[in-house]
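Secondary and tertiary structure notes
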Amino acid sequence: MMSGVDSDVFEQLVETVGRFARERLIPEECRVEEEDAIPEDIVDEMKAMGLFGLSVPQEFGGIGLNVPQEARLIETLCYASLTFRSLIGTNVGIGAQGIVMDGTDEQRERWLPGIASGDIIASFALTEPDHGSDAGGIRTSALRDGSDFVINGTKRYITNAVRAGVFTVFARTDPEKTGADGVSAFIVPADTPGITVATPDRKMGQRGTKTSDVIFDDVRVPESAILGGPDRLHRGFRTAMKVLDRGRIHVGAMAVGQSQRMLDIATDYALERKQFGKPIGEHQLVQGLLADCQAELHAARALVRASAETFDREGKAIIEASCTKYFCTEAAGRIADRALQIHGGAGYMAEYDIERLYRDIRLLRIYEGTSQIQQLVIARRTLAQRAGRA
């Protein structure tokens, strides 16, 4: 795994990103909500800071953060709206990490420098209309035609598809096999003939985050487009799982950053709002809500950091990543609910930030594996370990 950057340099980066989140991004949140778009000047600033290449190795123009460093920096960035993180998220995580982990030297050299600079947006095309949690049920096909493969199918809820310069597409290359077997990953330039990106979805929250259907209609790619080269034919699902394990730690860090923001907002309100002649923070039932938020936040942060260290040390963290994603996102949902409750009726009003953050945080319990899928992963892994099969 990557050794990361020098600790002093990293601390300066964390300080810079924290200041950027508070002073530059938070003041733009309402504008992003209203316009359903991130201003291009902010996009340019994020490129200039190197945020699109946080986890890309330095030899390809990235910053080269290791997993613990990435988690801490994402937590810091996610003190601001999660929408801003979504812009860089696929380049830092699922859209690029497959190429970093399993790509050939030629694939890394071709794609990673542009991804690191933000000039190329990488997108991860796994989910399908009938197969979200059941990713092993992929129906998108990639059938061999001479030395090429022809891809047909539809992918759903693909983040940053409208901006994408390259897709990592998961498709079934062996129609005789079911489940995870027989699935390959392909690196497909977004301008390849036959690709159609649909109008972005309208969502409950995280306005400004763009997700779309992507339709592949007789999209022809060479054998060299197989992620990792021809030797990794039918092995794409293994890449997807490795990428998602790291991504789940990343999502846990997102949840921690937003939880800290919501707790701070609720605490400030508890100090300012008066009822029965004193600030509501002096009432014990409100104190109980704040205490529960603080306790879960501390636990979530510790879990993210421990899982990130395990992944960085061992190159995998299957049960740890699922525990992190499950606990941190569920805790964030509870923290959001308590923070809104502390606001009372005001928390339900759009003029208060907590109303928007409450809607935004809900998605974390769904993408990159729902809470229920994490429960299955955790339980099955626990049983296998006890039985001596893991």
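First, a word on what this report is: a plain description of the structure on this page. (Residues numbered from 1 in each chain as written. Predicted model: local features only at pLDDT ≥ 70, side-chain atom pairs only at ≥ 80, totals over all residues. Heavy atoms only, no water.)

1. Regarding the layout of surface pockets
Of the pockets and cavities examined, the largest pocket occupies roughly 1300 Å³. Elements with a minimum of two residues in the lining of the largest pocket: helix H5 (82-92), strand E1 (122-125), strand E3 (148-159), helix H8 (236-272), helix H11 (353-361) and helix H12 (371-386). Partitioning the lining of the largest pocket into residue classes produces 17 nonpolar, 15 polar and 13 charged. In this structure, the second largest pocket encloses a volume near 220 Å³. Residue lining of the second largest pocket: 13 residues in total, with Gln107, Arg110, Trp111, Ser224 and Ala225 positioned closest to the centre. (1 Å grid on protein atoms, 1.4 Å probe; cavity = no way out; pocket = protein on both sides within 12 Å on 5 of 7 lines; lining within 4 Å. Points joined across faces, edges and corners; volume = space filled by probe spheres on them. Helix = DSSP H or I, 4+ residues; strand = E, 2+ residues; numbered from the N terminus. Nonpolar A, V, L, I, M, F, W, Y, C, P; charged D, E, K, R; others polar.)

2. A closer look at unusual backbone geometry
Negative phi characterises most residues that are not glycine, and trans characterises most peptide bonds. Despite not being glycine, aspartate 218 shows a phi value in the positive range, around 55°. Among the structural elements, aspartate 218 can be located in strand E7 (residues 211-222). Within the chain, histidine 234 stands out as a residue other than glycine whose phi angle is a positive 70°. Note that histidine 234 resides in the loop between E7 and H8.

3. Focus: the nonpolar core
Judged by nonpolar contacts, the single largest core of 65 residues is most densely connected at Met46, Leu54, Leu73, Phe84, Ile88, Met262 and Ile342. Those elements that place two or more of their residues in this core are helix H1 (7-25), helix H3 (40-48), helix H4 (67-77), H5, H8, helix H9 (284-314), helix H10 (318-343) and H11. Sort the elements by how many residues they give to this core and H8 lands first, with 12 residues. Apart from residues no more than four positions distant in its own chain, isoleucine 88 is found in contact with Met46, Leu51, Phe52, Leu54 and Leu77. Among the nonpolar cores identified, the runner-up in size contains 25 residues, and Ala96, Leu112, Ile115 and Phe170 belong to it. (Core = buried A, V, L, I, M, F, W, Y, C linked by side-chain atoms within 4.5 Å. Buried < 20%, exposed > 50% of the residue type's maximum accessible area, 1.4 Å probe, protein only. Contact = heavy atoms within 4.5 Å.)

4. Brief notes about the packing of H10 against H11
Packing of H10 against H11 brings their axes to within 10 Å, and their N-to-C directions diverge by 160°. As summarised for this structure, H10 and H11 are arranged roughly antiparallel, according to the angle between their axes. At the point where H10 passes H11, the crossing takes the left-handed sense. Here Ala332, Ala336, Asp337, Ala339, Leu340 and His343 of H10 lie close against H11, whose contacting residues are Ile354, Tyr358 and Ile361. Here the contact of H10 with H11 is built from residues that sort into 7 nonpolar, 1 polar and 1 charged. (Axes fitted to C-alpha atoms, helices over the stretch in contact; angles between N-to-C directions. Parallel < 35°, antiparallel > 145°, perpendicular 65-115°, else oblique. Left-handed = near helix turned anticlockwise from the far one by under 90°.)

5. What about the pairing of E3?
Relative to E3, strand E2 (residues 141-145) runs antiparallel, the two being bridged by 5 bridges. For serine 141, the partnering residue across the bridge sits in E3 and is asparagine 152. Here E2 hands over to E3 after 2 residues, with glycine 146 in that stretch at a positive phi of 70°. Summarising the sheet, E3 and E7 pair through 9 bridges and their orientation is antiparallel. Across the sheet, isoleucine 151 pairs through a bridge with valine 219, a residue of E7. (Pairing = 2+ DSSP bridges.)

6. Some remarks on the packing of aromatic side chains
What the rule picks out here adds up to 4 aromatic pairs. When the centroid spacing of 6.2 Å and the interplanar angle of 80° are considered together, the rings of phenylalanine 167 and phenylalanine 216 count as edge-to-face. Of the two residues, phenylalanine 167 sits in strand E4 (residues 166-172) while phenylalanine 216 sits in strand E7, which places them 49 residues apart along the sequence. When the ring centre of tyrosine 79 is taken as origin, the NZ or CZ atom of arginine 22, which lies over that ring, is 4.1 Å away. Positioned above the aromatic ring of tyrosine 79, the side-chain terminus of arginine 261 is 5.9 Å from the ring centre. (Phe/Tyr/Trp six-rings, centres within 6.5 Å; stacked < 30°, edge-to-face > 60°. Lys NZ or Arg CZ within 6 Å of the ring centre and 35° of its normal.)

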